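# Remarks on the overall topology
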Amino acid sequence: MKKTLFLITMLLPIALLAQRYPTGKGTFRTGGGGSYSQSDKGDYNLYKLTITPRLGYFVTDYLSLGFQMNYSISYDTNYTSALKFTPQIKAYYPLNDHWFIIGNFEVGVDRTTVFADNKTITDHTSISFGPGVSYFYNRRIGFELNPLYQIYINPEDNYTNRFYTEGGVVFNILNKSERNKANRKKNVEYDESEDE
């Protein structure tokens, strides 16, 4: 049942909302998510809240500048705050109206602060790059999958260079000219003399 529901959820927009390609100068792209967890650690509980907003803007028809942020706070015996701010450059190459190949470059500014008797701040800044693929159900909704190679500026035992894959659902907010075109189409009145 879960698999069937998942397939319907993924395929229904393809059947109902197929339209033109989603990129274009002046278009905003947004997405993100969040999570909350609580776990038992024996003598104490661990509480963790994470939010992950992302925003991008197409400076040309196929080049997007933006950022992804990952902010988490946790509490067990200490209060810990972690912020990873990742500026991104994405270049899109269209294969057709829905599929795109993506070139990715990111700089991850990653700081973790532990508020204990001795406050500590740890820096895990890195750069990541790699190809990706994007599919859009319509001009506003799609998903991306990006295999990336990450290189840490100051590698440590737990933070060494690695290959990973990230992905997610993305939403486009049409630019002003696209909204104006849509409004003009809705407001056009039928004139019988145009048929003559």
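Residues numbered from 1 in each chain as written. Predicted model: local features only at pLDDT ≥ 70, side-chain atom pairs only at ≥ 80, totals over all residues. Heavy atoms only, no water.

Attention shifts here to the packing of aromatic side chains. All told, the structure shown has ten aromatic pairs when counted by the stated rule. Ring geometry for Y135 versus F143: centroids 6.2 Å apart, planes at 40°, classification tilted. Over the aromatic face of Y164 sits the side chain of R162, whose NZ or CZ is 4.5 Å from the ring centroid. (Phe/Tyr/Trp six-rings, centres within 6.5 Å; stacked < 30°, edge-to-face > 60°. Lys NZ or Arg CZ within 6 Å of the ring centre and 35° of its normal.)

Note that S72 resides in strand β3 (residues 63-75). With near-sequence residues (within four places) excluded, S72 lies in contact with K48, L49, T50, T80, S81 and A82. (Helix = DSSP H or I, 4+ residues; strand = E, 2+ residues; numbered from the N terminus. Contact = heavy atoms within 4.5 Å.)

Before going further, it helps to examine empty space enclosed by the protein. With the rule as written, the count across this model stands at one cavity of 30 Å³ or more. Of the volumes computed, that of the largest cavity is approximately 100 Å³. Contributing to the lining of the largest cavity are R29, R54, L55, G56, S64, L65, G66, Q88, K90, E144 and V170. Broken down by class, the residue content of the lining of the largest cavity amounts to three nonpolar, four polar and four charged. (1 Å grid on protein atoms, 1.4 Å probe; cavity = no way out; pocket = protein on both sides within 12 Å on 5 of 7 lines; lining within 4 Å. Points joined across faces, edges and corners; volume = space filled by probe spheres on them. Nonpolar A, V, L, I, M, F, W, Y, C, P; charged D, E, K, R; others polar.)

When strand β5 (residues 99-115) meets strand β6 (residues 120-123), the two strands line up antiparallel, connected through four bridges. Considered in β6, the bridge of V114 is made with T120. In textbook terms, the turn of a hairpin is the stretch between consecutive antiparallel strands, and for β5 and β6 this stretch comprises four residues. (Pairing = 2+ DSSP bridges.)

In this section: the environment of T30. Checked against the element boundaries, T30 lands in strand β1 (residues 28-40). Distance from T30 to F67, taken between C-alpha atoms, is 9.7 Å for residues 37 residues apart in sequence. With residues up to four places along the chain from it excluded, the contact list for T30 reads R54, L55, V170, F171 and I173. Of note is the side chain of T30, whose polar atom sits 3.2 Å from the backbone oxygen of R54. (Polar contact = N/O pair within 3.5 Å; in protein donor to acceptor, adjacent residues only side chain to side chain.)

Let us now look at the layout of surface pockets. Estimates place the volume of the second largest pocket at around 200 Å³. Contributing to the lining of the second largest pocket are N70, S72, A82, L83, K84, D110, T112, H124, Q150, Y152, Y159 and R162. Counting residues per element, the ones that place at least two in the lining of the second largest pocket are β3, β4 (79-94), β5 and β8 (141-152). In terms of residue count, β4 provides more of the lining of the second largest pocket than any other element does, three residues in total. Residue composition of the lining of the second largest pocket, by class: four nonpolar, five polar and three charged.

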